[in-house]
Amino acid sequence: MTNWMPRMTRTSAFWIVTAVVLAGCGGSSTRVESGNENQILHLGNGADPQDLDPHIVTGVPEHNIIAALFEGLVSEDPKTLKPEPGVAKRWEISDDKTVYTFHLRKDAKWSNGDPVTAYDFAKSYERILTPELAAQYSYMFNDVVNAEAFNNGEIDDFSKVGIKALGKRRLRIELESPTPYFLSMLNHYSWFPVHIPTVKEHGELTERGSPWTRPENLVGNGPFTLEKWRINQVIEVRKSSTYWDAEEVELNGINFYPIENAETEERAFRAGQLHVTEQVPLSKIEYYQKNKPKLFRIDPYLGTYFYRINTNIEPLNDKRVRRALAMAIDRESIVNNVLKGGRKPAYHYTPPNTAGYTAEAHVEGSVKQAKKLLAEAGYPNGKGFPTIEILYNTSEAHRTVAQVIQEMWSENLNIKSTLINQEWKVYLTKQDSMDYEVSRSAWIGDYIDPKTFLDMWVTGGGNNDTGWSNETYDRLIAKADKAATQQERYRLFQKAEKLLMEEMPIIPIYFYTRIMLIRPSVKGWYPTMLDHHPYKYVHLEPSSN
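Nothing here was measured: the structure is a model prediction, and the numbers come from that model.

(A) Looking closely at the overall build of the protein. Of regular secondary structure, the protein possesses 17 helices and 18 strands. Taking 545 residues into account, the globule formula puts the C-alpha radius of gyration at 24 Å, and the protein, at 23 Å, falls close to it. Along the three orthogonal principal directions, the C-alpha set of the protein runs to about 70 × 65 × 40 Å. Within the span of the protein, comprising 545 residues, buried residues form 60% of the whole. If you take every contact in the protein between residues at least 6 apart in sequence, the share linking residues at least 24 apart comes to 72%. Across the protein, the centroid of the 63 positively charged side chains sits 4 Å from that of the 70 negatively charged ones.

Right under this line is the structure:
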């Protein structure tokens, strides 16, 4: 998933600051105090979602909300993230581990009272794979028999795809080969079902941005329903009475606030308006660590912060230039002197020890070698090199990192660059349409396996967005899918990542940690590698605040 941390709009800034000021006036309770009493969780969400259609979004802000509104075949343990029953109460796996048969609950319902059936899942999967929808996450289905061929338009008969509804309560999924992470992958929102009649009522099945996701229209099957969406102010969800496991859901609602500025979010937290923040200002990390450690957390987080490079444009289409840019960055200085918070410098792309895999390939080379590569590419001491643009969705951290890298490229390579900031939705559009030169990027694992990082860069991949294509890389990733053992699979991944670091369509910068402010009253919010917190297990204890 794409990670974000964008800038604040005037509307959200005014609204949040007003709320903070009012919280200090008179004797009225704060949001946190009233939320604790009424089981309403108040979360910082960083940005307004691009959409709430699980088949077309790609970001973390979207995931946070969609996880409350929809549920897939499986759910996940709140501590370990191991798959556990969701809409499917149980499943069977064939001896060769390529056929999964899911048995759906009789009491699984949509929020309008309709039963959730195997046909809903099959039709939803057909929708996300339909080429006209142009779903960026369609590749999540590539392990399914003929799914990629259907999505690419090589076949147009969905009955040939390995997804079959065997009546209302049974769904069969046939894979190309054994896929050890398959059940975990099913908890990604691209595998969530949508209510097909509702989608059709408000447009074509393959229409992007149709109004079916508005509060007055959306029909979901998760533990909460969408009650309100005030752009740049708040998204409110409330406990669903039709959810099959409603008795276990302790929260009565969640409010998501798109507070895009870290300083504003911290003030809101301090004023008792938020239970959990999405970020912490760089200038406040050491203060909370030393003075208020009970409100401050650093959790592990399976993610990489990197810069995408548009390899279609000169001179960035020359890998010598890309490698020179990567070599000229002092990652140790960035994580130790600028960011802090436990982040680690990234000299390769996949986070270390991802399901036991650690890349052997590294970004190697000194500033002297970077200058030599640049000269070989025709730009001795940066002479004649055009000014390049660095696109980022503005936040304190993104801006600061971009400024530091801008200075490093200038000092070390005599290359000039300009910084371009955009709000979250515009930033995503520019990156997806390749309307950029260098773009601030990040990737959070969709499941705990190196493939979630490495299959992004295959030719034409929905989240590639660099223009980079390499047939050898494509073959290595495809062969890894069919490897007989994990050892062989990881050996192929090592070769692929070595090639990625040689070609350098991306520049790894650092590995993430999840840094947040959190109230003691929030229970069930466990540290997890993907920063997933199944809301059905979360509750509030007033006495702990």
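There's plenty left to go through after this.
(B) Looking closely at the packing of helix H10 (residues 319-327) against helix H12 (residues 367-376). Contact geometry for H10 and H12: axes closest at 8 Å, N-to-C directions at 160°. The pairing of H10 with H12 is recorded here as roughly antiparallel in orientation. Considering only the axes of H10 and H12, their crossing is left-handed. Contacts from Arg320, Val321, Arg323, Ala324 and Met327 of H10 reach H12 at Gln369, Ala370, Leu373, Leu374 and Glu376. Residues that form the contact of H10 with H12 fall into these classes: six nonpolar, one polar and three charged.

(C) Quick look at the side chain of Thr311. Turning to its location among the elements, Thr311 is positioned in the loop between strand E11 (296-309) and H10. Within the structure, the side chain of Thr311 is placed 3.2 Å from the backbone nitrogen of Trp468, a separation counted as a polar contact. The contact partners of Thr311, leaving out residues within four places of it in the chain, are Leu316, Asn317, Arg322, Thr466, Gly467, Trp468 and Pro505.

Basis of the calculations
- Residues numbered from 1 in each chain as written.
- Predicted model: local features only at pLDDT ≥ 70, side-chain atom pairs only at ≥ 80, totals over all residues.
- Heavy atoms only, no water.
- Helix = DSSP H or I, 4+ residues; strand = E, 2+ residues; numbered from the N terminus.
- Rg over C-alpha atoms; globule rule 2.2 N^0.38 Å.
- Buried < 20%, exposed > 50% of the residue type's maximum accessible area, 1.4 Å probe, protein only.
- Contact = heavy atoms within 4.5 Å.
- Lys, Arg positive; Asp, Glu negative; His and termini not counted.
- Charge placed at Lys NZ, Arg CZ, Asp CG, Glu CD.
- Axes fitted to C-alpha atoms, helices over the stretch in contact; angles between N-to-C directions.
- Parallel < 35°, antiparallel > 145°, perpendicular 65-115°, else oblique.
- Left-handed = near helix turned anticlockwise from the far one by under 90°.
- Nonpolar A, V, L, I, M, F, W, Y, C, P; charged D, E, K, R; others polar.
- Polar contact = N/O pair within 3.5 Å; in protein donor to acceptor, adjacent residues only side chain to side chain.

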